[in-house]
Amino acid sequence: MAPRWEREIVEGSETIAPQEAIATCFVDAIIAAGGLPLQMALTDDEDVIAEYVALADGIAIPGGPDVSPARWGSDEPYDPALLCEVRDAFEFPLVRQAIEADVPLFTTCRGTQLMNVALGGTLCMDVPSLGACEGMVQWRHTGILNGVSHPVEVEEGSLLWGALGERALVQVNSAHHCCVDRLGEGVRLVARATDGVPEGIEVPGRRFCLGVQWHPEYTWREVESDFALWRSFVDSCR
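What counts and how
- Residues numbered from 1 in each chain as written.
- Predicted model: local features only at pLDDT ≥ 70, side-chain atom pairs only at ≥ 80, totals over all residues.
- Heavy atoms only, no water.
- Helix = DSSP H or I, 4+ residues; strand = E, 2+ residues; numbered from the N terminus.
- Buried < 20%, exposed > 50% of the residue type's maximum accessible area, 1.4 Å probe, protein only.
- Contact = heavy atoms within 4.5 Å.
- 1 Å grid on protein atoms, 1.4 Å probe; cavity = no way out; pocket = protein on both sides within 12 Å on 5 of 7 lines; lining within 4 Å.
- Points joined across faces, edges and corners; volume = space filled by probe spheres on them.
- Nonpolar A, V, L, I, M, F, W, Y, C, P; charged D, E, K, R; others polar.
- Expected span 1.5 Å × (residues − 1).
- Patch = residues over 30% accessible without salt bridge, like charges linked within 9 Å, V, L, I, M, F, W, Y side chains within 5 Å.
- Areas by Shrake-Rupley, 256 points an atom, 1.4 Å probe, with all protein chains shown as cover.
- Salt bridge = Lys/Arg side-chain N within 4 Å of Asp/Glu carboxyl O.

> When you look at the overall build of the protein in this model, what are you seeing that I'm missing?
For the protein, the helix and strand inventory stands at 6 helices and 11 strands. Taken along its principal axes, the extent of the C-alpha atoms in the protein is 50 × 40 × 35 Å. Relative to its full complement of 238 residues, the protein shows a buried share of 52%. Long-range pairs, those at least 24 residues apart, make up 66% of the contacts in the protein between residues at least 6 apart in sequence.

Following this line, the structure appears as structure tokens:
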């Protein structure tokens, strides 16, 4: 499990050393599904990361700061305050090693975007610029964590469809302004919001390699399809 990255400011001008932390709801979801979550300390040492991958029965990567566009070769200006190079330096090799070792991998929001980029894909860094499908207006995609925001259509027969309890239409929350654009190598888009925004990807041929754009860690207690995701991930780790 990859941590969030936080920095605290004390009164005055001093900055406390960055803190590694994880949202409690993310941990609680794994525990409720029958897993035992362990938090990984951030590192860019690939030998240490390899030890993490060997230790883990599965890896779950949460949301957080934006993935740096430089990671797919973009030289367009982008606000550095929205990025976290420390997490990128850790999670890119972590994701690649997990997929190579066929360790079950479940990602949400930023984690899903990062997985796509780690496999050679790109992102749209401004979801509102996508507009919506003909005859639709774009759903609200930012700022809704604790309740459902919009429906998502899921490809029948996909890993995601099965993980959701064989549901082809689910209601999800939404808190993102970036999303998957060009798909990475071997990545399959299997879900979209009904306005057309990408919402779910997977890598076929792996035991469990699945990413969703929404935040099921916040809604698993109330939304059965979201809890089904966590159960499916933990079951794959067994």
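> What exactly am I supposed to notice about the layout of surface pockets here?
Empty space among the atoms can be located by rolling a probe the size of a water molecule over them. Considering only enclosed or pocket space, the largest pocket measures out at about 440 Å³ in volume. Around the largest pocket, the lining comprises 20 residues; the ones closest to its centre are L36, P37, L38, D57 and G58. The biggest single contributor to the lining of the largest pocket is helix α6 (residues 224–237), with 3 residues. Looking at side-chain class alone, the lining of the largest pocket contains 14 nonpolar, 4 polar and 2 charged residues.

> Just checking my understanding: could you explain α6 for this structure?
Given 3.6 residues per helical turn, the α-helix brings residues three or four places apart onto the same face. End to end, α6 covers 20 Å across 14 residues, agreeing with the expected 20 Å (1.5 Å per residue, within 8%). By the criterion of burial, α6 is predominantly enclosed, with 10 of the 14 residues buried. Of all the positions in α6, only S225, D226, F227, A228, L229, W230, F233, V234, S236 and C237 are classed as buried. The inward-facing, buried residues of α6 abut α1 (24–32), β3 (59–61), β4 (105–108), α5 (159–163), β7 (169–172) and β11 (209–212).

> How do you make sense of a nonpolar patch on the surface when you look at a structure like this?
A grouping of L36, L38 and L55 is seen on the molecular surface, where their side chains present a nonpolar patch of about 390 Å² in accessible area. Following the sequence through the fold, L38 ends up in the loop between α1 and α2 (46–55). Judged by its relative accessible area of 55%, L38 is exposed.

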